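Read off the chains here:
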Amino acid sequence: MKQEPGPFLSRFVVETAFALFTGAFGILIIKGALEFSVGWGDIGPEPGYFPFRVGILICLASLVNLVWAFIRHRTLAADTFLTAEQTRCVAAFAIPVVVLVGVTAVLGLYVATALYLLFTVGFIGRHRPSVTIALAVGTPVILFVLFEYVFLTPLLKGPLEHLLGWY
């Protein structure tokens, strides 16, 4: 009989962290709004009026969530948000996406997409090499034709643009 994996993250930790994150986001909005006037002028609201109030609402909602998490601490601490196995699955998806963003900035979208698909379909998905190569080559080609010729919207090509003489 397989033993059930233990909790990696409790629901209390996640709710507390998210409340702190959204609170920080609200403070950032308030800070940005304070660079402008946050009052009501002769012709209506000043530029920082609405962002300031939205920031306050976000901070208040975050505080309510934080207090509520601490009130229900015993119940939430017992709840599992993610097990170790689920965390590995999430990481197997999330880490390549983060790397995709970084590689896109250096090599361009089309090359980064090909490398991403090659890795995720081939190594993580464990598909046959023919399927992996077809997807890794075909998808960027289709995206290139679609964006460059159909939509007439050039996307980031990185050094490939200079090497092939596209400007």
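Bear in mind the structure is a predicted one, so any value in this text is a computation, not a measurement. (Residues numbered from 1 in each chain as written. Predicted model: local features only at pLDDT ≥ 70, side-chain atom pairs only at ≥ 80, totals over all residues. Heavy atoms only, no water.)

### Points about the overall build of the chain
Then, number 1: Within the chain, the regular secondary structure consists of seven helices and four strands.
Then, number 2: For the chain, the α and β elements follow one another from N to C terminus as β-α-β-β-α-α-β-α-α-α-α.
Then, number 3: Relative to its length of 167 residues, the chain is extended, with a C-alpha radius of gyration of 24 Å against a globular reference of 15 Å.
Then, number 4: Considering only C-alpha atoms, the chain reaches an extent of 65 × 55 × 25 Å along its principal axes.
Then, number 5: For the chain, the share of sequence-separated contacts (at least 6 apart) that also reach a separation of at least 24 residues comes to 59%.
Then, number 6: Of the roughly 11,900 Å² of accessible surface on the chain, a fraction of 74% belongs to carbon and sulfur atoms.
Then, number 7: Across the chain, the mean location of the 10 positive side-chain charges is 12 Å away from that of the 9 negative side-chain charges. (Helix = DSSP H or I, 4+ residues; strand = E, 2+ residues; numbered from the N terminus. Rg over C-alpha atoms; globule rule 2.2 N^0.38 Å. Contact = heavy atoms within 4.5 Å. Areas by Shrake-Rupley, 256 points an atom, 1.4 Å probe, with all protein chains shown as cover. Lys, Arg positive; Asp, Glu negative; His and termini not counted. Charge placed at Lys NZ, Arg CZ, Asp CG, Glu CD.)

### A word on the packing of aromatic side chains
Then, number 1: Applying the stated criterion across every chain, the model contains eight aromatic pairs.
Then, number 2: Ring plane angle 70° and centroid distance 5.6 Å describe the contact between Phe 147 and Phe 151, whose orientation is recorded as edge-to-face.
Then, number 3: On the accessibility criterion, Phe 147 (25% relative accessible area) is partly exposed.
Then, number 4: Site record: aromatic cluster; members linked through ring pairs are Trp 40, Tyr 49 and Phe 50. (Phe/Tyr/Trp six-rings, centres within 6.5 Å; stacked < 30°, edge-to-face > 60°. Buried < 20%, exposed > 50% of the residue type's maximum accessible area, 1.4 Å probe, protein only.)

### As for helix H6 (residues 129-150)
Along an α-helix, residues three or four apart share an orientation, since each turn contains 3.6 residues.
Then, number 1: Between its first and last C-alpha, H6 extends 30 Å over 22 residues, near the 32 Å set by a 1.5 Å rise per residue.
Then, number 2: For H6, the complete set of buried residues consists of Thr 132, Ala 136, Pro 140, Phe 144 and Glu 148.
Then, number 3: The elements touched by buried residues of H6 are helix H5 (109-124).
Then, number 4: Immediately beyond the C-terminal end of H6, within one or two residues, lies Leu 152, with a positive phi of roughly 55°. (Expected span 1.5 Å × (residues − 1).)

### Section: the domain arrangement of the chain
Then, number 1: As far as domains go, the chain holds domain 1 (7-78) and domain 2 (84-163).
Then, number 2: Measuring from the centre of the C-alpha atoms in domain 1 to the corresponding centre in domain 2 gives 35 Å. (Domains from an automatic or database assignment.)

### Details of the side chain of Thr 87
Then, number 1: Note on placement: Thr 87 falls in helix H4 (residues 84-107).
Then, number 2: Within polar-contact distance, the side chain of Thr 87 engages the backbone oxygen of Thr 83 at 2.8 Å.
Then, number 3: Those residues in contact with Thr 87 that lie beyond four places of it in its chain are Phe 8 and Leu 82. (Polar contact = N/O pair within 3.5 Å; in protein donor to acceptor, adjacent residues only side chain to side chain.)

### Here's the deal with unusual backbone geometry
Then, number 1: At Arg 126, a position not held by glycine, the phi torsion is positive, near 55°.
Then, number 2: By secondary structure assignment, the location of Arg 126 is in the loop between H5 and H6.
Then, number 3: Classification of Arg 126 by relative accessible area gives exposed; the value is 71%.
Then, number 4: One non-glycine residue, Leu 152, lies in the positive phi region at around 55°.
Then, number 5: In this structure, Leu 152 sits in the loop between H6 and helix H7 (159-164).

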